[in-house]
Amino acid sequence: MTFRSIILFFIYIFAFSYAHSSEIEIVDNGTTAGYVTLAWPSASGKTFELKQKENGHWKIIYQGQDRATTLSGLADGTYHYALMMDGQSNAEDEINITVRHHTLKRAWTFFGVGAAMFLILITILTIGGRNSVNPD
Amino acid sequence: MLNANAILPSWIAWLIIAGFSCLWVALGWWLGRKNDTLDDYMLAGRKVGVGLAVATSMATWVTSNTTMTAPQLAYQLGIWGMVGYSLGAVGLILFAPIARRVRNLMPEGYTSGDFIRLRYGVTAWRIFLIISLFYSFGWLISLGMAGGLLINALSGISYFYGMTVIVTICTLYTVFGGLKAVIGTDFVQTILILIGITVLAILVIDAVGFEEIHNTLSEQRPELLNLLLPASIMFLFNNLFFGVGEIFHSNVWWSRAFAFAPGVGFRAYVLAGIFWLPVPVVAGFIALAAPALGINVPSPDMVAPLVAGKLFGIFGAILVFVVVFSALASSLDSVLAATSDLIVKDIYKGHFRKNASGNELRKAAVWIILGLGALTWAFSLPRIATLGALLHFTGAFVASTIWPIAIGIFYRRGSGRLASLAMVLGTASGLYAYFTIGFYVAALVSATVSMLVMMLAFKEKATFDWAILSENRNSK
């Protein structure tokens, strides 16, 4: 039983590694806030091009020697990126990013809780400060 | 190194580092030469005036996080990102009445730990010490890391050398001069930071222009201008309470409250908050020019140096280098001194050497600052986390202390058991929110749960005797 589990574990690790063999990694995932940092630290080559698919066409969004880029201000949707190294592209060096912002309902809930708590804190400090002159 | 283009020749960077290092160490030695007593060394003789008090409060709060993370948040979360960051000023302003109260209630107090121990008892004190020391150590490591990263990104000098130099210099002058050195150097550093940031912002507006920045953002990154960006809305009060939690609990601010002359604390913290408020907005604005300039941003916390370097070449890079180097030093020395005070008074004396004399404590303080410097260096070496991750993780811890302190300092209600529960449950729920929702709600959730627990204090009888807080005076 144990031996079988070990074999299955290694099969899983192998399958997982194979499925994620793209050179592009997400190093800072803020897809619920509309930003993401993509990096390709171990990609071979000296110059890189990062392309984004827009309406079926590829558009270069970065060209140079850096090995990472931060994309921000992204609206809800799925974004498709591909990396070229020294002018060569590889079908595996692509990545899909799905951006899905928090709902406004959730955002306003947190905002409301924060605002209410802020008012309570101001009240506590003001009344406390006044009473400290004339202790209760 | 993810960024392939270092802007500053390494010899210029070494020249700046050497010049400022000599200045800080000499100033530290000169300011500390008349330190006689433990009060002189730890609390600058308890007679700091308004000018120095405002400068040190502001400079300490302008950290590498303000100059590097505020632009990062503007770049990631847009307009509300930088505005939200500037709400950190609220913490300084709200601490003003607490500083005045503390100075009156505990005229001979030393640390925030003193207050928690006397007000809530030993269990709450120990929980508070764990939270506070964890936060202080996290802050120290993030500053050490920021020094290494900044020097590496701008000049190509290796992370190891940059981090080692900044940690060593700050440790040395803090050892020589104690809090006097920290406050004196903070004054010079404040002037450098304010001039540098203002000049940079004016140059960016002049070179790029509001209209071009707005047009490019509208076209390429419209969500950064969206005032209804959900994550930014959630972030606003989170950052406010993170800042409030950091300031309310940290001995960095309490030791200053004890060090300021009577009547100075309230004005100093209000003025420092007002002066600090626009700094993150100005620093953040610089980041919004990056898309208009076609700058690639490999790591979002490096966006400000990249913009300055691209626009103004070596001059811009030198300006950013001086600003961030000053911001780093002004915070690193303060955290070193305040954390050492906490360890000396609350751990060394409080737990192991209850009858230690002032002379013994002063000697211990020197060794503890040196030890803290060494530990900071050792933990900064492997770069265990990113700056942002390290910073926001501590939010869940510190926000849980807001209510025990706010209620405990003004009201006779609230037991040690309740305060302990508020800190433990607040921290646990904040950590849960950090991992399940995002960094931008951890402090808010922690503070909310802590508040709900502490509100039960108002159902208890008002039994605390304020005279207990002046124990230090009697035991001296």
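What counts as what
Residues numbered from 1 in each chain as written. Chains lettered and ligands numbered in written order. Predicted model: local features only at pLDDT ≥ 70, side-chain atom pairs only at ≥ 80, totals over all residues. Helix = DSSP H or I, 4+ residues; strand = E, 2+ residues; numbered from the N terminus. Rg over C-alpha atoms; globule rule 2.2 N^0.38 Å. Buried ≥ 20, exposed ≤ 12 C-beta atoms within 10 Å, placed from the backbone. Contact = placed C-beta atoms within 7 Å. Pairing = 2+ DSSP bridges. Axes fitted to C-alpha atoms, helices over the stretch in contact; angles between N-to-C directions. Nonpolar A, V, L, I, M, F, W, Y, C, P; charged D, E, K, R; others polar. Core = buried A, V, L, I, M, F, W, Y, C linked by C-beta atoms within 7 Å. Domains from an automatic or database assignment. Parallel < 35°, antiparallel > 145°, perpendicular 65-115°, else oblique. Left-handed = near helix turned anticlockwise from the far one by under 90°. Expected span 1.5 Å × (residues − 1). Bend = angle between axes of the 7 residues up to and from the residue.

It is worth spelling out the overall build of chain B at this point. Secondary structure assignment for chain B yields 22 helices and zero strands. For 476 residues, the compact-globule estimate of 2.2 N^0.38 gives 23 Å, and chain B sits close to it at 22 Å. Here chain B holds 476 residues, and 63% of them are scored as buried. The long-range fraction of contacts in chain B, counting pairs at least 24 apart against all pairs at least 6 apart in sequence, stands at 84%.

The subject of this paragraph is the sheet that holds strand β5 (residues 68-71) of chain A. Hydrogen bonds between backbone groups are what pair the strands of a sheet, and the pairing can be parallel or antiparallel. Residue and element names in this part refer to chain A. With respect to topology, three strands assemble into an open sheet ordered β1-β2-β5, the strand pairing being antiparallel. Looking along the sheet, the strands with just one partner apiece sit at the ends: β1 (25-30) and β5. Each neighbouring strand pair of the sheet contributes to a mean axis angle of 15°, computed without reference to strand direction. As paired elements, β1 and strand β2 (residues 35-39) share five bridges and run antiparallel to each other. In the sheet register, Asp28 faces β2, and the bridge partner there is Thr37.

To continue, consider the interface of chain A and chain B. With 43 residues of chain A at the contact, the number on the chain B side is 43 residues. Of all the elements in the fold, those that place two or more residues in the side of chain A that touches chain B are β2, β4 (57-64), β5 and α2 (104-133) of chain A. No other element matches the 19 residues that α2 of chain A contributes to the side of chain A that touches chain B. Its residues assigned to classes, the side of chain A that touches chain B comprises 21 nonpolar, 18 polar and four charged.

On to the nonpolar core. The biggest cluster of nonpolar side chains holds 209 residues, and the ones touching the most others in it are Phe95, Leu154, Phe241, Val307 and Ala406 of chain B. Lining this core are residues from two domains, each supplying at least three of them: domain 1 (22-101) and domain 2 (103-136) of chain A. If we ignore the near neighbours within four places in the chain, the residues touching Val307 of chain B are Val204, Ile286, Ala287, Ala289, Ala290, Leu293 and Ile295 of chain B.

It is worth spelling out the packing of helix α20 (residues 416-436) of chain B against helix α21 (residues 442-454) of chain B at this point. All names here are of chain B. Remark: α20 packs on α21, axes separated minimally by 7 Å, with the N-to-C direction vectors making an angle of 150°. By the angle class used here, α20 and α21 are roughly antiparallel. Crossing geometry of α20 relative to α21 is assigned as right-handed. Contacts from Leu418, Leu421, Ala422, Met423, Leu425, Gly426, Thr427, Ser429, Gly430, Ala433 and Tyr434 in α20 reach Ala442, Ala443, Val445, Ser446, Ala447, Val449, Ser450, Val453 and Met454 in α21. By residue class, the composition of the contact of α20 with α21 is 14 nonpolar, six polar and no charged.

Note on helix geometry: an α-helix contains 3.6 residues per turn, so any two residues three or four positions apart are oriented the same way. All names here are of chain B. In this model, helix α9 (residues 159-207) (49 residues) spans only 31 Å end to end at C-alpha, well below the 72 Å of a helix rising 1.5 Å per residue. Approximately 120° is the largest bend angle found in α9, and it occurs at Gly177. Downstream of α9 by one or two residues, Gly209 has phi in the positive range, about 95°.

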